[in-house]
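Read off the chains here:
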Amino acid sequence: MIDSLVAFVVGTAGGDAALAIVLFTLAVRLLLLPLNVRQARTARIRERLAPKLQALKKRHARRPERLAEETRALYAAEGSSPFAGFLPMLGQLPFLWLMYRVATHPTALAGHTLFGAPLGQQVAGLVANYGLLSVPVSVFVLILVLVAAVAWLSARNIRIGDDQPELVRRMAKLAPYGSVVAVLVLPLAAGLYLLVSSAWATAERAVLYRRPAGAGA
């Protein structure tokens, strides 16, 4: 199934697998944009309701049923629900899983390259087959550096509520760097996918979650 899917995707890009990965990743991200817009709206509602939610927690600390009821009513008044933010995330998973499978399928990517670097090989294979000082390894290093730069931008722009535990805040700041670790162990095609996908996600988040003019930091 994956072989057929890769063949179809590559065929739509004129036989260029690297271009196909880029275009397909952008297409999937564009398709998911309405879900992400809805998720951003839910996040803004949650942020706006934070003081009222804290007050409800204090008022009904010993009455969880009443707290849940009041919380639902508070969100309903905003045309949302406490669980609205989870639905867009769940909707993304099948698309992102499919794109990941395409980018990590070595058989389907056999013979395809990015500037001379085999898309189906990991960095260890590139070093073993071409040497440390080679064009294919240089291509990999470039992808790695770009992914690291995007991860830094993403971590820098992440907003975590002051009410969150310190451990949660630190983990959220470190999470974007997971893509850097992934590039080190996955095929080059996956690195290209992660670069395009994370760059889109970072730019999208900067637009959807930007603070209004005059808002506090």
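Everything below is about the structure shown above.
Just so it is clear, the model here is predicted, and its values are computed rather than measured.

Now for the overall build of the protein. Scanning the protein for helices and strands turns up nine helices and two strands. Seen in sequence order, the protein has helices and strands lined up from the N terminus as α-α-α-α-β-β-α-α-α-α-α. Counting every position in the protein, which comprises 217 residues, the buried fraction comes to 36%. The long-range fraction of contacts in the protein, counting pairs at least 24 apart against all pairs at least 6 apart in sequence, stands at 69%.

In this section: the nonpolar core. Ranked by internal contacts, the top residues of the largest apolar core, which has 28 residues, are Leu114, Leu119, Ile143, Leu188 and Leu192. For Leu114, the residues in contact, after removing those within four places along its chain, are Ala18, Leu119, Val139, Ile143, Leu188 and Leu192. Leu49, Leu56, Leu74 and Tyr75 belong to the second largest nonpolar core, which has six residues in total.

A word on the packing of helix α6 (residues 135-157) against helix α9 (residues 188-208). Contact pair α6 / α9: the axes reach a minimum separation of 9 Å and the direction vectors enclose 25°. With respect to α9, the axis of α6 lies roughly parallel. For the pair α6 and α9, the sense of crossing is left-handed. Where α6 abuts α9, its residues Val139, Phe140, Ile143, Leu146, Val147, Val150, Leu153 and Ser154 lie against Leu188, Gly191, Leu192, Leu195, Ser198, Ala199 and Thr202. Taken together, the residues that form the contact of α6 with α9 break down as 11 nonpolar, four polar and no charged.

Okay, a nonpolar patch on the surface next. Together, Trp152, Leu153, Leu167, Met171, Leu174 and Tyr177 make up a nonpolar patch on the protein surface, roughly 620 Å² of accessible area in all. If you list the elements that add at least two residues to the nonpolar patch, you get α6 and α7 (166-174). Per element, the largest residue contribution to the nonpolar patch is three residues, and it comes from α7. If you trace the backbone, Leu174 turns up in helix α7.

The next thing to look at is helix α3 (residues 64-77). Each α-helix turn comprises 3.6 residues. Residues three or four places apart therefore point the same way. Between the first and last C-alpha of α3 there are 20 Å, a value that for 14 residues agrees with the 20 Å anticipated at 1.5 Å per step. Every buried residue belonging to α3 is among Thr71, Leu74 and Tyr75, and all of these are buried. One side of α3 holds all its buried residues, which, seen down the axis, span an arc of 95°. Seen from the buried face of α3, the exposed residues on the opposite side, beyond 90 degrees, are Glu65, Ala76 and Ala77. Positive phi appears at Gly79, one or two residues downstream of α3, with a value of about 75°.

Okay, helix α2 (residues 17-59) next. In this model, α2 (43 residues) spans 58 Å end to end at C-alpha, consistent with the 63 Å of a helix rising 1.5 Å per residue. Regarding α2, its N-cap is Asp16, as a side-chain oxygen of that residue lies 3.1 Å from the backbone nitrogen of Ala18 further along.

Quick look at unusual backbone geometry now. In terms of backbone geometry, most residues other than glycine have negative phi values and most peptide bonds are trans. One non-glycine residue, Phe115, lies in the positive phi region at around 50°. The residue Phe115 is located in the loop between β1 (113-114) and β2 (117-118) in this model. The exposed category is assigned to Phe115, whose relative accessible area is 67%.

Here we come to the pattern of salt bridges. Scanning all chains against the criterion turns up one salt bridge. Note that Glu70 and Arg66 form a salt bridge whose closest N and O atoms lie 2.9 Å from each other. On the criterion of helical spacing, the pair formed by Glu70 and Arg66 is a turn pair, its members being four residues apart in helix α3. Taking the relative accessible area as the measure of exposure, Glu70 reaches 24% and is therefore partly exposed.

Procedures and definitions
- Residues numbered from 1 in each chain as written.
- Predicted model: local features only at pLDDT ≥ 70, side-chain atom pairs only at ≥ 80, totals over all residues.
- Heavy atoms only, no water.
- Helix = DSSP H or I, 4+ residues; strand = E, 2+ residues; numbered from the N terminus.
- Buried < 20%, exposed > 50% of the residue type's maximum accessible area, 1.4 Å probe, protein only.
- Contact = heavy atoms within 4.5 Å.
- Core = buried A, V, L, I, M, F, W, Y, C linked by side-chain atoms within 4.5 Å.
- Axes fitted to C-alpha atoms, helices over the stretch in contact; angles between N-to-C directions.
- Parallel < 35°, antiparallel > 145°, perpendicular 65-115°, else oblique.
- Left-handed = near helix turned anticlockwise from the far one by under 90°.
- Nonpolar A, V, L, I, M, F, W, Y, C, P; charged D, E, K, R; others polar.
- Patch = residues over 30% accessible without salt bridge, like charges linked within 9 Å, V, L, I, M, F, W, Y side chains within 5 Å.
- Areas by Shrake-Rupley, 256 points an atom, 1.4 Å probe, with all protein chains shown as cover.
- Salt bridge = Lys/Arg side-chain N within 4 Å of Asp/Glu carboxyl O.
- Expected span 1.5 Å × (residues − 1).
- Arc of directions from axis to C-beta.
- Polar contact = N/O pair within 3.5 Å; in protein donor to acceptor, adjacent residues only side chain to side chain.

Honestly, that's just the spatial picture; any functional story needs more than this.
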